[in-house]
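# Examination of the molecular architecture
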Amino acid sequence: MSGSGTRPAVDPNDRVTIGISFGNSNSSIAHVVDDKAEVIANEDGDRQIPTILSYVDGDEYYGQQAKNFLVRNPTNTIAYFRDFVGKEFKSIDPTHNHASAHPQEAGETVSFTVQDKVAAEGEEEQPAPSVLTVSEVATRYLRRLVGAASEYLGKKVTSAVITVPTNFGDKQRAALTAAAAAADLEVLQFISEPVAAVLAYDARPEAKLADKIQVVADLGGTRSDVAVVASRGGMYTVLATAHDYEFTGVALDKVLIDHFAKEFLKKNPKAKDPRETPRSLAKLRLEAEVTKRALSRGTNAAFSVESLSDGIDYATTINRLRYETLARAVFEGINRLVESVVKKAGLDVLDVDEVVLVGGTAHTPRIAANLGFLFPKTTRILAPSTDVAAINPSELQARGAALQASLICDYDPEDIEQSTHAAVTTVPHVANAIGIVSPGASGEDVFVPIIPTDTAVPARRTVQLSVPAGGDVLVKVVEGNTHIKVTKPEPAAKEKDESKAAKVEDADDDADDDDDDSDFSDDDEEEEEEKREKVWKIGSTLAEAAVRGVQKDGKVEVSITVGADLTVLVTAREVGGKSAVRGSVPSA
Amino acid sequence: MDATVISLPLPALPEGWEAEKDFRIIGGVAKSSATARTLEPVGPHFLAHARRARHKRTFSEDDRIQAQERAKKIEENEDSDISEPEDPILLQRDAKDWKTQDHYKVLGLSKYRWRATEEQIKRAHRKKVLKHHPDKKAAAGRADDDNFFKCIQKATEILLDPVKRRQFDSVDEEADVEPPTKKQLAKGNYYKLWGNVFKSEARFSKIHPVPSFGDENSTKEEVENFYNFWYNFDSWRSFEYLDEEVPDDNENRDQKRHMERKNANARKKKKAEDNARLRKLLDDAAAGDERIKRFRQEANAAKHKKRLEREAAERAAAEEARRKKEEEERLAKEAEEKAKAEREAAKKAKEAAKNAVKKNKRVLRGSVKDANYFVEGDASPATIDAVLGDVELIQGRIDADEIAALATKLSGLKVADEIKDVWKGEVERLLAAGKLQDGEIKALSS
Ligand SMILES: Nc1ncnc2c1ncn2[C@@H]1O[C@H](COP(=O)(O)OP(=O)(O)OP(=O)(O)O)[C@@H](O)[C@H]1O
């Protein structure tokens, strides 16, 4: 949010705000009506608007129309440019621009060369093609988005909150701010994509404020970004992230492209491989994506391309199971990616309360199901195929951005700048949970967390506990931490070891015995599941307090406040009682 | 946040718990335990926090820099850790020869190899793409130069596929640590040198953790555990990566089947060779392993000690047995001597008694002679005979004691009648006791 002179000065009172999710593949625009976020459809009726511009006969097309020109007019079509904004040529990955205008080096930045103008009336000569910097491209594209939103709202949109990946650097932000300004758009704030998605869920009226660990898996077209978020009393802290460019929507398209190309060649052995002609490949790609999307909805999908290669039409179908088999490597890669980020955050899958699926690829039922297997049954998988209450994963980011925009639309730029200042956002987070001790069913002490780990301070939480017998009770305030208890099915494992030892001996004496089959049976045995549980361990005691004379079947309310300096304030009282016990524990 | 209702009870206050105002401080949250992290400046709750935190304060650019430095970094710098100079010869490689390509080296990961994480591979790939994408080459005026780029793509394809990566790792000899030579070992470092070999071999283990070679201070149990584990090593290593290519057309079915069989046999053979190789490594390592020697010596010493102990015990037992035997013999002899003495004493007593009887009998006979056989004048031989016959008879009917008593009564008597009275008395006593019958006595009764 560093100040930029290029920001148009908009009086907060005159602002019309929207939220924008600006992706490499698709973008969305959203606004808030009656405290509810809503994604706006553009004039083509699209809510996911391809982040593509195309120039045909001097006319500019954007979104789905531009995407369709990838077949007939690839060189004048600019796609997959968001990640280039604010970057130097040497640090961009041009892989996805192969079938459209290629990025080039342009000093400190990246540019595309397209024929965006035609000869004026009566003139013979074509004007020279234009070299557009990526900033200019972004400006032109944002202008179209803002135009669509303004048309829908009936008011000129002045300002927006834009979502960006967590690894979007300061230079990129500055460049995007400038590009937006050039499109007459004030950027109120950039917010990170996973947090926008989480906010979209938390802002629902039925949502309850709770402390939870969320994994946000944003599975887009060209990248899969995963973040582990500690959600504490409506405040969010990103604990770990990973960015992957391999296991993506485009990789799934490629699986289908290869499949259909091979099927086509089987049927037409003499025809040219459609993957070898740019135009055929472009057709394949577009149709493969359509088929892929259809497979998210139904268990069967059609694939049909006119004049795919050598003038031959091709039409066929594929069922979901087939697709899932073909795409297994990508699906498994996504699971490994998610698992690795949980580990990176220093957590276990058992610590995760919710998995929020975001992005177009998150519609894929198999991906949601596979993530379900990775986590314990108690973990909620928020995807359309696994949870009826899930929000459309393609809309989460734009909605979150719109909500944030509506929250800060009255702020002066100076206010926003100061509110998002690192001095405000950087705060201590407790490493251990703070809670109290309750006698468990079998007499052992049980830790009851009140302030969970990774909570930003200051923080305050209140709980009510029962006192069935009444009388004097002890409130023992302690620190606590979890560890994972693993119980192995012992005897079976032992047997296995023995048979293994014997097997190796055999293999040495007689190589023929060492066939692959026995390896497989080994793996089967390993399926023998060990039991993993998260258990709380009570740490050091902070304080003790007594609540005296509690009524039979009474309740005691304990409230713990951790100050910015880690002082712990404890208040305990009988619910409905007059006096409270209070004390303050200085940090050590 | 609202109060959360928890369906758990509070413990009763322990007996005698007292504190001023019923509150007692025991510890405190360690300042050092807290982590500075960055809150996402998003949502109503954050904005409320920001309002409180700002509280009419204005933060400067310096504050920002300071705060950012404190905050735990979540995003890595894209091109941080992986950087390896590119070998010009490598850049000339033909992508078609991917089978012989060192995929780790292509991605600049030769330091990491099988240790590289998936994330490192992805980052390395991206870094290489940024540099070697054909469009980048085209920009540098080298059109159509996508050969090394294809190498990069192939390397990534293999290393990001867990199955293919394992197949490649199986034959990635660059990751092997060669067993130490005699010369190397001569300089010492036995455990470190061999330890590195097994650390590298451990990558093939299906079972983890793999016991390490250890050092001179390892316990016997650790060393035994190491060799047990490794002599029973369960390896996932396989050799399909080295398969010869199988023709992929339908025409050459037989040839295809032949190739497949050949490959399968080659894999088996290589696997067996690998098992043998590992076994030899272990044999070699074990052969020079001073710890094994030491343990053996210690075991021998222990065995030796046991033998000495056993022998000493045997000696002691023999000694004891001998002592016992001597004692028994001594006792037996004593008993025998005692018995003999007793026997002799008894014999003497018997003889004495016999003599006494003889003497008394002589007294008895003498008494009747002294009494001149109870006749006046010279006694006729018949009378003598009759009297002595009676004396004989009586002697025969009474025991030694009675003889002695009778002799006592008779000794010193000289008067015939007195002597006769004694005899008469004796005859009467014997008659009364039934030891003599009437009429048996001829001369002494009247
Ligand atoms: N219903 C669907 N089922 C499966 N895949 C889908 C579906 N809808 C969209 N996709 C895929 O999602 C991808 C686009 O994701 P999204 O709209 O989130 O783009 P994005 O955020 O711009 O992605 P990125 O920035 O990673 O390129 C495309 O690969 C598209 O084919």
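Under an unreviewed UniProt entry, chain B has the name J domain-containing protein and belongs to Remersonia thermophila. For chain B, the Subcellular location (unreviewed entry) comment in UniProt is given as "Cytoplasm".

Per an unreviewed UniProt entry, chain A goes by Molecular chaperone DnaK and derives from Remersonia thermophila.

Once that is clear, we can look at helix α7 (residues 147-159) of chain B. Taking 1.5 Å per residue, 13 residues should reach 18 Å; α7 of chain B reaches 19 Å between its end C-alpha atoms and fits that length. Within the sequence span of α7 of chain B, burial applies to F148, F149, C151, I152, K154, A155, T156, I158 and L159 of chain B.

A few words on the pattern of salt bridges. Taken as a whole and assessed by the stated rule, the structure comprises 77 salt bridges over all chains. Between E119 of chain B and K344 of chain A there is a salt bridge, with its nearest N and O atoms 2.8 Å apart. Here K344 of chain A lies in helix α8 (residues 328-344) and E119 of chain B lies in helix α5 (residues 118-132), a pairing that spans two chains. A salt bridge links E86 of chain B to K131 of chain B, with the shortest nitrogen-to-oxygen separation between them at 3.0 Å. Remark: K131 of chain B occurs in helix α5 and E86 of chain B occurs in the loop between α2 (61-70) and α3 (88-91); sequence separation between them is 45 residues. By relative accessible area, which is 22% here, E86 of chain B ends up partly exposed. A single salt-bridge network, built from bridges that share partners, covers R82, D83, E193, R223 and D225 of chain A.

Of the residues lining the interface, 87 residues belong to chain B; the matching set on chain A comes to 113 residues. The contact between chain B and chain A buries some 9,000 Å² in all, and 58% of this surface belongs to carbon and sulfur atoms. Sorting the residues of chain B by area buried against chain A places M1, L10 and V29 of chain B first, and these three jointly supply 9% of that buried surface. For the pair chain B and chain A, the interface holds 9 salt bridges. For D244 of chain A, the salt bridge goes to K122 of chain B, with nearest N and O atoms at 2.6 Å. Scanning the region where chain B abuts chain A turns up 47 residue pairs in polar contact (both at pLDDT 80 or more). If you list the elements that add at least two residues to the side of chain B that touches chain A, you get β1 (4-9), β2 (23-25), β3 (35-38), α1 (44-54), α2, α5, α6 (134-139) and α12 (253-287) of chain B.

The next thing to look at is the nonpolar core. Residues and elements named next belong to chain A. Formed by 73 residues in total, the largest nonpolar core has its most connected members in V215, V228, L357 and F375. It is helix α5 (residues 249-267) that provides the largest number of residues to this core, a total of 8 residues. Here V228 is in contact with I213, Q214, V215, T237, V238, L239, A240, V341, V342, A345 and L347, once residues within four sequence places are set aside. If you look at the next biggest cluster of nonpolar residues, it comprises 43 residues, including I29, A101, L132 and A175.

Residues and elements named next belong to chain A. Close contacts around the ligand come from 18 residues, with S25, T222, E289, K292 and S296 the closest. G221 is positioned such that a nitrogen or oxygen atom in its backbone is 3.0 Å from an oxygen atom of the ligand. Look at the ligand: alone it shows 650 Å² of surface, and the protein chains cover 91% of it. Its residues assigned to classes, the shell around the ligand shows no nonpolar, 14 polar and 4 charged.

All names here are of chain B. Taken domain by domain, chain B consists of domain 1 (77-174), domain 2 (190-288) and domain 3 (360-433). The centre of domain 1, based on its C-alpha atoms, is set 26 Å off from the matching centre of domain 2. With 12 residues of domain 1 at the interface, the matching set in domain 2 holds 11 residues. Surface buried jointly by domain 1 and domain 2 totals about 1,100 Å² across both partners, of which 57% is contributed by carbon and sulfur atoms.

This paragraph deals with the domain arrangement of chain A. We note that the domain assignment places domain 1 (12-193 + 398-425), domain 2 (207-244 + 339-391), domain 3 (249-328), domain 4 (428-482 + 534-588) and domain 5 (489-529) within chain A. Averaged C-alpha coordinates put domain 3 of chain A and domain 4 of chain A at centres separated by 60 Å.

Now for the packing of aromatic side chains. Under the criterion given, the structure shown has 31 aromatic pairs over all chains. Consider the rings of F84 of chain A and F112 of chain A, whose centres lie 6.4 Å apart with planes at 20°: the pair is stacked. Of this pair, F84 of chain A sits in the loop between β7 (77-79) and β8 (104-106) while F112 of chain A sits in strand β9 (residues 109-114), placing them 28 residues apart in sequence. Judged by relative accessible area, F84 of chain A falls into the buried class, the value being 4%. Take F112 of chain A: its relative accessible area is 0%, and that puts it in the buried class. Relative to F303 of chain A, the ring of F260 of chain A lies with its centre 3.9 Å away and its plane at 15°, an arrangement referred to as stacked. Taken together, the positions of F260 of chain A in helix α5 and F303 of chain A in strand β16 (residues 300-309) put the pair 43 residues apart, joining distant regions of the chain. You'll find F260 of chain A and F303 of chain A in the same group, each marked buried. An aromatic cluster is defined as three or more aromatic residues linked by ring pairs; in this entry it consists of Y190, Y191, W194, F198, F213, F226, Y227, F229, W230, Y231 and F233 of chain B. Cation over ring: K99 of chain B sits above Y241 of chain B, and NZ or CZ is 4.4 Å from the ring centre.

The rules behind these values
- Sequence order as written defines residue numbering, which begins from 1 separately in each chain.
- Note on labels: chains are lettered from A, ligands numbered from 1, in written order.
- Only residues with pLDDT of at least 70 get local features here, since the model is predicted, and only at 80 or more are side-chain atom pairs given and counted; chain-wide, interface and lining totals rely on the full set of residues.
- The basis for the side-chain values is all heavy atoms of the structure; hydrogens and waters are excluded.
- UniProt positions are given in the numbering used here, feature names are shortened, and annotations may be inferred rather than shown by experiment.
- A run of H or I in DSSP counts as a helix once it spans at least four residues, and a run of E counts as a strand once it spans at least two, with each numbered from the N terminus.
- A helix is expected to span 1.5 Å for every residue after the first.
- Between buried and exposed lies partly exposed: a residue is buried under 20% and exposed over 50% of the maximum accessible area for its type, with that area taken using a 1.4 Å probe on protein chains only.
- Think of a salt bridge as a Lys or Arg side-chain nitrogen and an Asp or Glu carboxyl oxygen that are within 4 Å of each other.
- Note on contacts: a residue pair qualifies if any of its non-hydrogen atoms lie within 4.5 Å across the two residues.
- Throughout, buried area stands for the accessible area (probe radius 1.4 Å) lost by two parts on being put together, summed over both.
- N or O atoms closer than or at 3.5 Å make up a polar contact, with two conditions inside protein: a donor-capable atom paired with an acceptor-capable one, and, for residues adjacent in sequence, both atoms drawn from side chains.
- Residues grouped as a nonpolar core are buried Ala, Val, Leu, Ile, Met, Phe, Trp, Tyr and Cys residues, joined through side-chain atoms within 4.5 Å.
- Any residue with a heavy atom lying within 4 Å of a molecule or strand is counted as near it.
- The method behind every accessible area is Shrake-Rupley, applied with a 1.4 Å probe, and residues are considered shielded solely by the protein chains displayed.
- Side-chain classes are defined by residue name, with Ala, Val, Leu, Ile, Met, Phe, Trp, Tyr, Cys and Pro counting as nonpolar, Asp, Glu, Lys and Arg as charged, and the others, Gly among them, as polar.
- Residue ranges for the domains originate in an automatic or database domain assignment.
- Classification of ring pairs uses Phe, Tyr and Trp, with its six-membered ring standing for Trp, and accepts pairs whose centres are within 6.5 Å; under 30 degrees between planes counts as stacked, over 60 as edge-to-face, and the remaining range as tilted.
- Remark: a charge is flagged as sitting over a ring if the NZ atom of Lys or the CZ atom of Arg is within 6 Å of the ring centre and within 35 degrees of the ring normal.

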